[in-house]
Amino acid sequence: MTEAELKARVVRMAHDLGWLVFSLPMVRNKRPVNGASGYPDLTLVRQRKVLWLELKQDGEAPSAEQERWLSELPAGYVVRPRDLEDLPRLLA
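A brief report on the enclosed structure follows. (Residues numbered from 1 in each chain as written. Predicted model: local features only at pLDDT ≥ 70, side-chain atom pairs only at ≥ 80, totals over all residues. Heavy atoms only, no water.)

**A closer look at the pattern of salt bridges**
In this structure the tally under the stated criterion is 4 salt bridges. Among the ionic pairs, Glu-54 bridges to Lys-56, the shortest N-O distance being 3.9 Å. For Glu-54, a relative accessible area of 2% gives the class buried. Since its relative accessible area comes to 9%, Lys-56 is described here as buried. As a salt-bridge pair, Asp-58 and Arg-82 come within 3.7 Å of each other at their nearest N and O atoms. One end of the pair, Asp-58, is in the loop between strand 3 (49-55) and helix 2 (64-72); the other, Arg-82, is in the loop between strand 4 (76-79) and helix 3 (87-91), with 24 residues separating them in the sequence. Taking relative accessible area as the criterion, Arg-82 reaches 51% and is therefore assigned exposed. Where salt bridges share partners, they join Glu-54, Lys-56 and Glu-60 into one cluster. (Salt bridge = Lys/Arg side-chain N within 4 Å of Asp/Glu carboxyl O. Buried < 20%, exposed > 50% of the residue type's maximum accessible area, 1.4 Å probe, protein only. Helix = DSSP H or I, 4+ residues; strand = E, 2+ residues; numbered from the N terminus.)

Rendered as structure tokens:
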């Protein structure tokens, strides 16, 4: 499964469960906001709850910038294809 396919499945699942989903656009593989490098792929919001999801292939590790963002966010998670079965629990 490609990261694009993973993103599509996660977004569809989130929408089905009532989440609003935001994704910062990429411009030539760079974030358009200074200092946003490593910001998680998806921001989900529902009923004043916010989740930040970094999407990765199985066996792929987040970059140092991604790890920094995830460590600073109160609810940051890495989601891989192998996590799709358990994702509904996180999104419940």
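Picking up where we left off.
**Observations regarding the sheet that holds strand 2 (residues 42-46)**
If you walk across this open sheet you meet the 4 strands as 1-2-3-4, and the pairing is mixed. Edge positions in the sheet fall to strand 1 (20-22) and strand 4, since each of these pairs with one other strand and no more. Strand-to-strand twist in this sheet, taken as the mean axis angle between neighbours without regard to direction, amounts to 30 degrees. As paired strands, strand 3 and strand 4 are joined by 4 bridges and run parallel to one another. Counterpart to Leu-55 in the pairing with strand 4 is Val-79. Taken strand by strand, helix 1 (residues 3-16) contacts strand 1, strand 2, strand 3 and strand 4, and its axis lies near 165 degrees from that of strand 3. (Pairing = 2+ DSSP bridges. Axes fitted to C-alpha atoms, helices over the stretch in contact; angles between N-to-C directions. Contact = heavy atoms within 4.5 Å.)

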